[in-house]
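# Working through the structure, step by step
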Amino acid sequence: MTTIIANAGCQAPSCKVYVSGNLKAQRKTQAGRTAEKRLITAEVTSFSDLSADVVDRLEGSSIILVGMMGCGKSAVATAVGEAMQYAPLDSDTVIEQATGKKIPEIFAEDGEDAFRDVESQVLEELCSYKKCIIATGGGAVMKKTNWGHLRNGVVVWLDFPVEVLAARVNADGTEGRPVLEGDSGTAQQLTNLLEERRVMYEQADITVSFKDGDSDVAEVARVVLDALQERLEGDEQKQKLSTPKEDEDDGLDGLDLPTKSS
Ligand SMILES: Nc1ncnc2c1ncn2[C@@H]1O[C@H](COP(=O)(O)OP(=O)(O)OP(=O)(O)O)[C@@H](O)[C@H]1O
Ligand SMILES: O=C(O)C1=C[C@@H](O)[C@@H](O)[C@H](O)C1
């Protein structure tokens, strides 16, 4: 499993360093401005090259984003979808459209099991499409049957620290999040949920882990594309190594070898 630790601007070798992070530190001298322009151009070019490369390697397969609420699945699906010309889809939104109810209403009126059933039906449908990037609900990984659908695409886990998730969820408001209940506070509830779910998120094909919330959506999108490229390239190399070439000379022709017994 590929784990990419992303931390924009971090100089440690285990961290990916992004041009945007370095730019902030540049002095605004004339030379600095010229360098900044060049770097920005290079970033734009390489980002579109990166997206095009990932599109080629995926050969139409969809990307499925999994992770806790607030990790940015919907936002990142939109950003990566735009870069790759893949259709961004959000299973929570489709559930609301299909049922004509908001998620908290479904939980309150029909119960969580009913919500999970509809979620499975929606995932089955969405994951059957090609060239999509699908933001799944935070709990979608918990049903084994859902994995049969998720595995139609490349599954990417957006892994953020609980403090970052809690800050985002609290900023958006917790009213629309029926799985967060009780008085223990958002961070504690998310910690408990993540403890139950981690083992399932770890089933993803690719994990991108962030140490903090400093990376904006564009940076996260870039890390996702980087991770996809690395993984797909690695898989292609493995495939090449394990596939014997037809008519390959094994160097044994002409040798007087004993015949194999059957
Ligand atoms: N990298 C980021 N930096 C700052 N804010 C972000 C980032 N990613 C997402 N957000 C914000 O965090 C909130 C949650 O994001 P989003 O809805 O994309 O998450 P999600 O994983 O789809 O959540 P859910 O599963 O609950 O739908 C939104 O307000 C979004 O704008
Ligand atoms: O983490 C969860 O279980 C949920 C997350 C949301 O995306 C919604 O799917 C719903 O609120 C449940």
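The rules behind these values
Residues numbered from 1 in each chain as written. Chains lettered and ligands numbered in written order. Predicted model: local features only at pLDDT ≥ 70, side-chain atom pairs only at ≥ 80, totals over all residues. Heavy atoms only, no water. Helix = DSSP H or I, 4+ residues; strand = E, 2+ residues; numbered from the N terminus. Buried < 20%, exposed > 50% of the residue type's maximum accessible area, 1.4 Å probe, protein only. Contact = heavy atoms within 4.5 Å. Areas by Shrake-Rupley, 256 points an atom, 1.4 Å probe, with all protein chains shown as cover. Core = buried A, V, L, I, M, F, W, Y, C linked by side-chain atoms within 4.5 Å. 1 Å grid on protein atoms, 1.4 Å probe; cavity = no way out; pocket = protein on both sides within 12 Å on 5 of 7 lines; lining within 4 Å. Points joined across faces, edges and corners; volume = space filled by probe spheres on them. Nonpolar A, V, L, I, M, F, W, Y, C, P; charged D, E, K, R; others polar. Patch = residues over 30% accessible without salt bridge, like charges linked within 9 Å, V, L, I, M, F, W, Y side chains within 5 Å. Salt bridge = Lys/Arg side-chain N within 4 Å of Asp/Glu carboxyl O. Near = heavy atom within 4 Å. Polar contact = N/O pair within 3.5 Å; in protein donor to acceptor, adjacent residues only side chain to side chain. Sits in = over half its atoms within 2 Å of the grid points. Axes fitted to C-alpha atoms, helices over the stretch in contact; angles between N-to-C directions. Parallel < 35°, antiparallel > 145°, perpendicular 65-115°, else oblique. Left-handed = near helix turned anticlockwise from the far one by under 90°.

Turning our eyes to something else, we now look at the overall build of the protein. For the protein, the helix and strand inventory stands at ten helices and six strands. Among the 262 residues that make up the protein, the fraction classed as buried is 41%. In the protein, once contacts between residues fewer than 6 apart in sequence are set aside, the share between residues at least 24 apart is 74%. Element-wise, carbon and sulfur atoms account for 50% of the exposed surface of the protein, whose accessible area totals about 14,600 Å².

As a further point, take the nonpolar core. Counting residues in hydrophobic clusters, the biggest one holds 61 residues, and the most contacted among them are Ile63, Val80, Val156, Leu158, Val208, Val224 and Leu228. Counting residues per element, this core draws most heavily on helix α10 (residues 217–242), at eight residues. Setting aside its immediate chain neighbours within four residues, Val80 contacts Ile63, Ile133, Ala221, Val224 and Leu225.

Here the focus is the layout of surface pockets. Computed from the structure, the largest pocket encloses a volume of approximately 640 Å³. The wall of the largest pocket is formed by 30 residues, among which Met69, Gly70, Asp92, Gly176 and Arg177 lie closest to the centre. Elements that contribute at least two residues to the lining of the largest pocket include exactly α3 (73–84), α4 (91–99), α5 (103–110), α6 (112–126) and α8 (162–172). Here the residues of the lining of the largest pocket sort into nine nonpolar, ten polar and eleven charged.

The next point concerns a nonpolar patch on the surface. Where nonpolar side chains cluster on the molecular surface, the patch consists of Leu252, Leu255 and Leu257 and spans about 290 Å² of accessible area. Inspection of the secondary structure assignment puts Leu252 in the segment after α10.

This brings us to the site of ligand 2. For ligand 2, the full set of nearby residues is Met69, Asp92, Ile103, Phe115, Arg116, Gly137, Gly138, Gly139, Pro178, Val179 and Arg197. A distance of 2.5 Å is found between an oxygen atom of ligand 2 and a side-chain nitrogen or oxygen belonging to Asp92. At 3.4 Å, a backbone N or O of Gly138 approaches an oxygen atom of ligand 2. Within the complex, 96% of the 310 Å² of free accessible area of ligand 2 lies under protein. In a pocket analysis with a 2 Å cut-off to the grid points, ligand 2 is assigned to the largest pocket.

Residues in contact with ligand 1 amount to 16 residues; listed here are only the nearest, Lys73, Ser74, Ala75, Asp172 and Arg177. Between ligand 1 and the protein, one listed contact pairs an oxygen atom with a side-chain N or O atom of Asp172 at 2.9 Å. Considering ligand 1 on its own, with 630 Å² of exposed area, one finds that the protein chains cover 74% of that surface. In this structure, ligand 1 is accommodated by the largest pocket. For the shell around ligand 1, the secondary structure elements donating two or more residues are α3, α8 and α10. Of all the elements, α3 adds the most residues to the shell around ligand 1, at three residues.

Between α8 and helix α9 (residues 186–201), the shortest axis-to-axis distance is 9 Å and the interhelical angle comes to 125 degrees. As far as their axial angle goes, α9 and α8 are oblique. Along this stretch, α8 crosses α9, giving a crossing that reads as right-handed. Residues Val162, Leu165, Ala166, Val169 and Asn170 of α8 lie in contact with α9, whose contacting residues are Thr186, Ala187, Leu190, Thr191 and Leu194.

Nothing here speaks to function; it is all geometry.
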